[in-house]
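Secondary and tertiary structure notes
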Amino acid sequence: VMQDEDPALKLPADDILAWMQVYCSGCISKDRARTAWARLLPNMALPNRWSYDNGPMTTAMAHLHDNGWQAYSPDEWTSSSGSVFHISAEHCPAAKSCAAFLDEFRQIIKAKLWNDASRHRLGRGIARPLDLSQLVKCWASQRSSGKHAWASMQ
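Along each chain, numbering runs from 1 in the same order as the chain's sequence is written. Local features in a predicted model are, by the rule used here, given only for residues with pLDDT of at least 70; side-chain atom pairs are given and counted only at 80 or more, and totals for whole chains, interfaces and linings are based on all residues. The basis for every side-chain value is the complete set of heavy atoms in the structure, and neither hydrogens nor water enter the calculation.

Let's shift gears to the sheet that holds strand 2 (residues 76-78). Should DSSP find at least two bridges between two strands, the strands are regarded as paired. What counts as a helix is a DSSP run of H or I of at least four residues, what counts as a strand is a run of E of at least two, and both are numbered from the N terminus. If you walk across this open sheet you meet the 3 strands as 1-2-3, and the pairing is antiparallel. A single partner strand is all that each edge strand has here, and the edge strands are strand 1 (70-73) and strand 3 (84-86). Ignoring strand direction, the axes of neighbouring strands in this sheet form an average angle of 20°. To define axes, lines are fitted to C-alpha atoms, for helices over the stretch in contact only, and angles between the resulting N-to-C directions are given on a 0 to 180 degree scale.

Shown next, in the form of C-alpha cells:
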C-alpha cells in the first residue's frame, strides 16, 4: 500500500474533500452552513461524536476534531500546529492551493498514528517514523566495497 493510499490517511482526507466540494459548489448557502456548523459544533466535544454523523459536514467536523484541529466554522480551520486554512472557491479540491491543507492534514494524522502505535506493547521508541538513512548508507558502502553477500539482505 502506497503511504498516502493507507486507509487511515486516505479516508479522512477523502471525507474532508467531500465536504469541501459540497461547501464550495454552492449546493448549500454559506449562511445556512455556518448556522448548522455552529449548532452541531458542541456535539464534536462528546465522546460519541461519530453517532451524530449524518453527512459530509458532520463527518468533516468529526475528522477535524479527532485530529486536533479547531474548526469553529465551516470555512476556517486551524491545525494543531497553528496553521489557518480558509475554505473558499479558490481552495476547493480542484485547486492546487488545497494541497497545502491536505499535506498538513495527512502529516498530523501520520504523527497521531505513530504516537498511537508507540503506546502498544513493545511500541516504545516509535513515536516518530524510523530513520533508516544510516542503514541504507551502510548497505551502499558494503555493496560498493564488494561485500555483496553481506549487503544481499537488502
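To describe two helices that pack against each other, one gives the angle between their axes and the distance between the axes. Between helix 1 (residues 7-25) and helix 3 (residues 56-66), the least distance of the axes is 8 Å, while the angle of their chain directions is 135°. One way to sum up the angle between helix 1 and helix 3 is to call them oblique. Where helix 1 crosses over helix 3, the two elements pack in a sense that is left-handed. Packed against helix 1, whose contacting residues are Pro12, Asp15, Ile16, Ala18, Trp19 and Val22, the element helix 3 presents Pro56, Met57, Thr59, Ala60, His63 and Leu64 at the interface. Only Asp, Glu, Lys and Arg are considered charged in this grouping, and only Ala, Val, Leu, Ile, Met, Phe, Trp, Tyr, Cys and Pro are considered nonpolar; every other residue, Gly among them, is considered polar. Grouping the constituent residues of the contact of helix 1 with helix 3 by class yields 9 nonpolar, 2 polar and 1 charged. Comment on the angle field: the value is read as roughly parallel under 35 degrees, roughly antiparallel over 145, roughly perpendicular from 65 to 115, and oblique elsewhere. Rotating anticlockwise by less than a right angle from the far helix to the near helix defines a left-handed crossing, while the corresponding clockwise rotation defines a right-handed one. Only heavy atoms enter the contact rule, under which two residues are in contact if any of them lie within 4.5 Å.

All right, on to the pattern of salt bridges then. When the charged atoms of two side chains lie near each other, side chains of opposite charge can form a pair. A pairing counts as a salt bridge when a side-chain nitrogen of Lys or Arg comes within 4 Å of a carboxyl oxygen of Asp or Glu. Counted under the stated rule, the structure contains 6 salt bridges. A salt bridge links aspartate 14 to lysine 10; its shortest N-O distance comes to 3.0 Å. Of this pair, aspartate 14 and lysine 10 both sit in helix 1, 4 residues apart, roughly one helical turn. In this structure, arginine 34 and aspartate 31 form a salt bridge, with 3.6 Å as the shortest nitrogen-oxygen distance. Highlighted residues: arginine 34 and aspartate 31, both in helix 2 (residues 30-40), separated by 3 residues, approximately one helical turn. Via salt bridges that share partners, Asp31, Arg34 and Asp75 belong to a single interconnected network.

Our focus in this paragraph is helix 4 (residues 98-118). To estimate the expected span of a helix, subtract one from its residue number and multiply by 1.5 Å. Between its first and last C-alpha, helix 4 extends 30 Å over 21 residues, near the 30 Å set by a 1.5 Å rise per residue. Those residues of helix 4 that fall on the buried side of the exposure criterion are Cys98, Phe101, Leu102, Glu104, Phe105, Arg106, Ile108, Ile109, Lys110 and Ser118. Any residue under 20% of the maximum accessible area for its type is buried, any over 50% is exposed, and the rest in between are partly exposed; the area is computed with a 1.4 Å probe on protein chains only.

One can describe the packing of helix 1 onto helix 4 by two numbers: an axis separation of 10 Å at closest approach and a directional angle of 145°. Remark: the crossing between helix 1 and helix 4 carries right-handed chirality. Here Ala8, Leu9, Pro12, Ala13, Ile16, Leu17 and Met20 of helix 1 come into contact with helix 4, specifically with Cys98, Phe101, Leu102, Phe105, Arg106, Ile109, Lys110 and Leu113. Here the residues of the contact of helix 1 with helix 4 are counted per class, giving 13 nonpolar, no polar and 2 charged.

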